[in-house]
Structure formats: C-alpha cells, structure tokens
Amino acid sequence: MREDLGFLLTLFKKYWILLLLALAGSLLESGALAGLAYIVKNIVDDVFVSKSYESLLFVTAVLVVLASAKQVGFFLKNYVYPLIVYKGIKSIRENVYRKLLNTQPSFLFRRSYGDLLSRLTNDLERFSQIVTSFGTNVITETFTVMAIVVLLIYRDWKMFLIFMIAVPFLAVALGYFGEKRKKYSRKLQESYGEYTQHLNQLLTGFEVVKLFSQKVFFRIFKGINENLYHREKKNKFYETVYLSSVEIIAYTATAGIIFYGGYRIINDEITAGDFFSFLGGVLILVNSMQVLQRGLVQLKALSPVIERIRFLMSMPEEIDEGVQFEGLKRNIVYSNVSLTIDNSRILKNVSLEIKKGDKLGIVGLTGSGKSTLIKILPGLIRDYQGEVFIDGRELREYSVSSLRKHIGMISQDVFIFNDTLRNNLLIAKPDATDEELYQALKKAKADFVFSLDQGLDTVLGEKGSRLSGGEKQRISIARIFLKDPDILIVDEGTSALDVETEEYVMEEISRHFSDRTVIMITHRLKILDICNRIAVIEKGTVIEEGTLKELIEKKGVFYRFFSLSQTDDKI
C-alpha cells in the first residue's frame, strides 16, 4: 500500500494547486453536511416546539447558505478531482508510449501484445475509475465522517458510544472482504488481458480464421470468456456481500440509538431537537461510512492495477549511447556468432565477412536463421553470443540510433499505418518534398498511387487494407529509396511482386545502391545475378560461400537449390 501511495503522490504532486482546490471543495461539502445536521435541533426545538417566527427566518436563511455551500463544494470535488486524474493518465500514456518507442525489441518479442494492450487500455480505464472515486468519495466522506463524529460527541457522547460498538465489526468486514476483492481484482485484470489478447489475434489473423475451422477458435474463446465471467461474478459477489454486511451492522447500531434516545426523551433527559439532530447526524454518518468503506474496498482493488501499470512504466529501454556509426568504411565481420531463443538454437557459430560495396545473397531453407542473422545488424537483436565487427569495432559499441540511420531494410512483412500515403512515406524521411516522394514511388514502380482519389493524402486503411500485397511492398521499397541508407537489407522484400515488376525494381536497386553494401535474402534465385557473393545457411550456420559460378561448379547444397529453381521459381 505504501508503494501504491508513493506512485499516486509522484503522479499527482505536480497538480498540487488543483488538489488543494479539490480538497477545499471536499471540506466545504463536508462542513455543510455537518451544519445541516447541527441545525436540526433549532428546527425542531425553536421552530416546531417553541413556534418562534424569528427562529424560522434564521433557520431558513442558514439552510439556503448551507445548501449553496454544499453545491459549490460538490462542483469543486466532482470536477477538479477527475480533472487531476485525467491529467495524470495523460502523462502515463505519454510516458508509456515513449517507453514503447524506446523499449528493447527483444523484450517486446517475448511479450504477449494482447496483454500489453490490455494494460494500456483496460488497466488505465480501471485506474481512472478507482482513483477518481477515491477523490470524489473517499476523501470527501473521510472529512464528513470526522465532522459528524465531532458533532455527535458534542450532542450526546453516551448515545455515540452505542454507535462505536459497531466499529470493530465494520473493520473486520472491511479487512476480510477487502482482501477478497483485491485477490479477484488481480485475477479479473489478468482475464481482461487474455480476452484482449484473443480478440487481437482474431482480428489480426481474420483471413486464417475464415479459411479454417471456426469451432476451435470459438472453443478457445468460450474458455476465456467463461473464466472472465467467473472472476467478474466472484469480484461482484464479495463486493455485494460486504456492502450488505455493512448495512446490517450500521442499521442495527442505528436501531439501538433510536431505542436509547427515545428512552431518554421519555425521561426528559434530552430534548426532541437534540435527538433528531443526533439521529440526522447518525444517518449521514452511516451513509458516509458506507460510501467510504465501499471506496476503501475499491482501493484494495487498485493495488494490482497499479502493479500492472508500473510494469509498463518499467519496461527496459534501449540505451542509445556509444560510438556514432557514420557509414561502412571497410567491412562487416561475423565471428562465431550464436543465438539461443527460448532454449532453441537459432544461430550456431556463424562466421562471415561482408566487404564494403558487396552485394551478398543469402539463401537457405525456411527456418535456417537467415532473417535472424541480418536482424543483428540494426540492433533488433542484441543478446547474441560471439562478436560482430563493423570496421573493426564490435557492433554493440555503436549507438543503435546511428546504426539504424545508416541501415535500411525491405521486409516481406510490410506494415502500413492506418494513415495517409504521405505519412507512410515520411517515416523514412520526415522533411521530404512532394517531388522526392513521387520520385521514390516511381523508382519502386508504385505507379498505382497516381490513380488514388486523394493522391498522397489518401488514407490507406488498417494495415493498408486498400492495397494489395504487391502494392504494400512497393510502398516499402519507396521508403528505402527515400531513406537512402548506406547498408541495404532486402529480406524477401520483393516476394509479392510479379516477375516484370520485380526485375524493374531490382534494376533500380542495383543502380541506386551500386556503390553501397546490399545484403539480400531470397528464395528466388533468378534475382541473385546482381550479387557478387552468395552465402548458404543451413540449420543456423554458413555451410557454403562463394560466387554464383563457384557454387554451381561445387555442386553442393546451393547447386541443388539452383537446379530446382530452373523448374520452379521458388525452392
């Protein structure tokens, strides 16, 4: 709990002026309620019993003032507290988004995206609800309880002792049911994460879902949904039983006060005004304690939510420090590079040299480790064993931002943002002119964009839904022409293109990057003629290396691939 309060104080301390204003509103509302309970004695004894006209005027004026003060306090607390929370959550969103942008890729690759989305959406929404309730209810009702307790003791401390008998029972109920609520709140948030993750997978792979048996997907969903329902039911059960037990305890104590107060009125120990003022205060106190304890139970549920949010804010970030990479001068050398992911050996003692200006082709069966090998260069994978030298300096000594500035990649899996074509291109060169954008598109043979209804300002849809697979790849290739990197990596980057378009694009790449280093992973061996060297990877290690002619003459693994490609464009 101390850590949770520390988190809240750190988050909201910058808004201390607003917090003081909200606290003033809570105090004003609480004081007005206590004043209303206090003045009941004057209404009963001076107006109804003594029938004083002057007292009636006085009481009426005081009631108007107290009611007005209460509403001013109500407005301040119910507007300013949520405003503080919204500002705090806005700050959390910005911090977490910045964290996501700078998080280590290897960390994200090992996390469930659905769980992360749930933390960013469901958990933040839950956090907002609970903390807003804490401000508008818990703080205000705490002040109200304190004010009413002072009033009740002042009115009649003997009757107040009867009410105090109920307090230990209320504390026991809060402790037991509060812990249950905390437990199931954590489980409920986990279930929300599983639910969000499944929906994310369903929408991402919707084509697969439609093409295969939907019974399996629905069976998985029913299990997740049933688990979510069970935890929602348990969560609500303990909350409801707790509130019922509080009411039973509170109204039992109230009944005892009514009996004892009535007895004292009959014996002329107190006036009717004293009793009704006290009873009015008790009813306000009971209501305030119910709201307060409901808020405290909710506060128990806040701890696991804060824990999940703090996880987001503690994601490991890339440390962008080290030597600035200014472009390849001599060579890239892989020296006994290995990589193990989840107990699976992906790369095994790879040794390979790529000289400046080389056009290196990398071939191998699916799953041989080709893509993993080249993802090391831009720092997408950092936890490899062995060494990778760039111009004699180990890769991890360079700052990752400087590496990525000079390394470009065309991937088979193209991601198109649900934004305009212009913005999808500007991520490669933010200050590019329209003329530069059009030239890059022409080089990528993306002529189709000139027929789009809004041109560069056409929104391409979720994941580029308005585009075909080949059109998406051409957008990706246009980005590379805009970025104009010193080292180009093509990882099956033309796999969705027809033969004619692919030949055109490869010619443009060969011409544009003629004096630069190109690393090309492909299953289409016909486009390897732009490469001066070829490396063959099998089971995570380089087994053959040489020119196209040398590898054919060797009649090894590459020769088998090449022979098959004569009848089938893909191996």
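In the block above lies the structure referred to throughout.
Predicted, not measured: the structure shown is a model, and the values here were computed from it.

1. Examining the packing of helix H2 (residues 16–49) against helix H5 (residues 113–155)
Part 1 of the argument: Direction vectors running N to C along H2 and H5 enclose 30 degrees, while the axes themselves pass 8 Å from each other. Taken together, the axes of H2 and H5 lie roughly parallel to each other. Note that H2 runs across H5; the crossing there is right-handed. Together, Leu23, Ser26, Leu27, Glu29, Ser30, Leu33, Ala34, Ala37, Tyr38 and Lys41 of H2 and Gly135, Ile139, Thr140, Phe143, Thr144, Ala147, Ile148, Leu151, Tyr154 and Arg155 of H5 make up the contact between the two elements.
Part 2 of the argument: Class assignment for the residues of the contact of H2 with H5 results in twelve nonpolar, five polar and three charged.

2. Considering the pairing of strand S7 (residues 487–491)
Across a regular strand the side chains alternate sides, sitting on one face of the sheet and then on the other.
Part 1 of the argument: Burial of S7 is extensive: five of the five residues sit out of reach of the surface.
Part 2 of the argument: Burial of S7 is two-sided: the residues Ile487, Ile489 and Asp491 facing one way and the residues Leu488 and Val490 facing the other way are all buried.
Part 3 of the argument: Across five bridges, the pairing between S7 and strand S8 (residues 517–521) is parallel. Note that in S8 the partner of isoleucine 487 across the bridge is threonine 517.
Part 4 of the argument: Considered for its hand, the β-α-β crossover made up of S7, helix H16 (residues 499–512) and S8 is right-handed.

3. Digging into the pairing of strand S2 (residues 344–355)
Part 1 of the argument: The pairing of strand S1 (residues 331–341) with S2 spans eight bridges and is antiparallel. Pairing of tyrosine 334 across the sheet is with leucine 352, part of S2.
Part 2 of the argument: In this antiparallel pair of consecutive strands, S1 and S2, the connection spans two residues, and aspartate 342 shows a positive phi of 50 degrees.

4. Digging into H5
Part 1 of the argument: A rise of 1.5 Å per residue sets the reference length of H5, with its 43 residues, at 63 Å; its end C-alpha atoms lie 60 Å apart and thus fit the reference within 8%.
Part 2 of the argument: The principal kink in H5, of about 35 degrees, is found at phenylalanine 134.

5. Looking at the nonpolar core
Part 1 of the argument: The biggest cluster of nonpolar side chains holds 45 residues, and the ones touching the most others in it are Leu421, Leu425, Leu441 and Ile475.
Part 2 of the argument: Counting only elements with at least two residues in this core, the list comes to helix H13 (421–426), helix H14 (434–443), helix H15 (469–483), S7, H16, S8, strand S9 (533–538) and helix H18 (557–565).
Part 3 of the argument: When neighbours within four sequence positions are excluded, isoleucine 475 is seen to be in contact with Ile416, Leu421, Leu425, Leu441, Phe448, Val449 and Leu467.
Part 4 of the argument: Residues Val337, Ile381, Leu403 and Ile537 belong to the second largest nonpolar core, which totals 30 residues.

6. Digging into the sheet that holds strand S5 (residues 393–394)
By way of backbone hydrogen bonds, the strands of a sheet pair with one another, either parallel or antiparallel.
Part 1 of the argument: As summarised here, the arrangement of the four strands in space is S2-S1-S4-S5, forming an open sheet in which the pairing is antiparallel. Both outer strands of the open sheet, S2 and S5, are each paired with one neighbouring strand and no more.

7. Some words on the packing of H2 against helix H3 (residues 53–102)
Part 1 of the argument: Two numbers describe how H2 lies on H3: the axes approach to 7 Å, and their chain directions differ by 155 degrees. Relative to H3, the element H2 lies roughly antiparallel. The two elements H2 and H3 cross, and the hand of that crossing is left-handed.
Part 2 of the argument: Of the residues that constitute the contact of H2 with H3, the class distribution is 25 nonpolar, six polar and five charged.

8. Description of the pattern of salt bridges
Part 1 of the argument: Scanning all chains against the criterion turns up 18 salt bridges.
Part 2 of the argument: Across the pair glutamate 545 and arginine 533 runs a salt bridge, and its minimum N-O distance is 2.1 Å. Residue glutamate 545 is located in strand S10 (residues 541–546), and its partner arginine 533 is located in strand S9; the two are separated by twelve residues in the primary sequence.
Part 3 of the argument: Glutamate 545 gets classed as partly exposed once you look at its relative accessible area, which sits at 39%.
Part 4 of the argument: By sharing partners, the salt bridges in this structure join Glu29, Lys70 and Lys77 into a single network.

9. Re the packing of aromatic side chains
Part 1 of the argument: Using the criterion set out here, one finds eight aromatic pairs in the structure.
Part 2 of the argument: Relative to tyrosine 79, the ring of phenylalanine 75 lies with its centre 5.8 Å away and its plane at 10 degrees, an arrangement referred to as stacked. You can see phenylalanine 75 and its partner tyrosine 79 sitting in helix H3, four residues apart, about one turn around the helix.
Part 3 of the argument: When the centroid spacing of 5.1 Å and the interplanar angle of 80 degrees are considered together, the rings of phenylalanine 415 and phenylalanine 417 count as edge-to-face.
Part 4 of the argument: For phenylalanine 415, a relative accessible area of 44% translates into the label partly exposed.
Part 5 of the argument: When the ring centre of tyrosine 504 is taken as origin, the NZ or CZ atom of lysine 445, which lies over that ring, is 5.3 Å away.

What counts, and at which threshold
- Residues numbered from 1 in each chain as written.
- Predicted model: local features only at pLDDT ≥ 70, side-chain atom pairs only at ≥ 80, totals over all residues.
- Heavy atoms only, no water.
- Axes fitted to C-alpha atoms, helices over the stretch in contact; angles between N-to-C directions.
- Helix = DSSP H or I, 4+ residues; strand = E, 2+ residues; numbered from the N terminus.
- Parallel < 35°, antiparallel > 145°, perpendicular 65-115°, else oblique.
- Left-handed = near helix turned anticlockwise from the far one by under 90°.
- Contact = heavy atoms within 4.5 Å.
- Nonpolar A, V, L, I, M, F, W, Y, C, P; charged D, E, K, R; others polar.
- Buried < 20%, exposed > 50% of the residue type's maximum accessible area, 1.4 Å probe, protein only.
- Pairing = 2+ DSSP bridges.
- Right-handed = clockwise from strand over helix to strand, strands pointing away.
- Expected span 1.5 Å × (residues − 1).
- Bend = angle between axes of the 7 residues up to and from the residue.
- Core = buried A, V, L, I, M, F, W, Y, C linked by side-chain atoms within 4.5 Å.
- Salt bridge = Lys/Arg side-chain N within 4 Å of Asp/Glu carboxyl O.
- Phe/Tyr/Trp six-rings, centres within 6.5 Å; stacked < 30°, edge-to-face > 60°.
- Lys NZ or Arg CZ within 6 Å of the ring centre and 35° of its normal.

Don't take any of this as a statement about function, it's just geometry.
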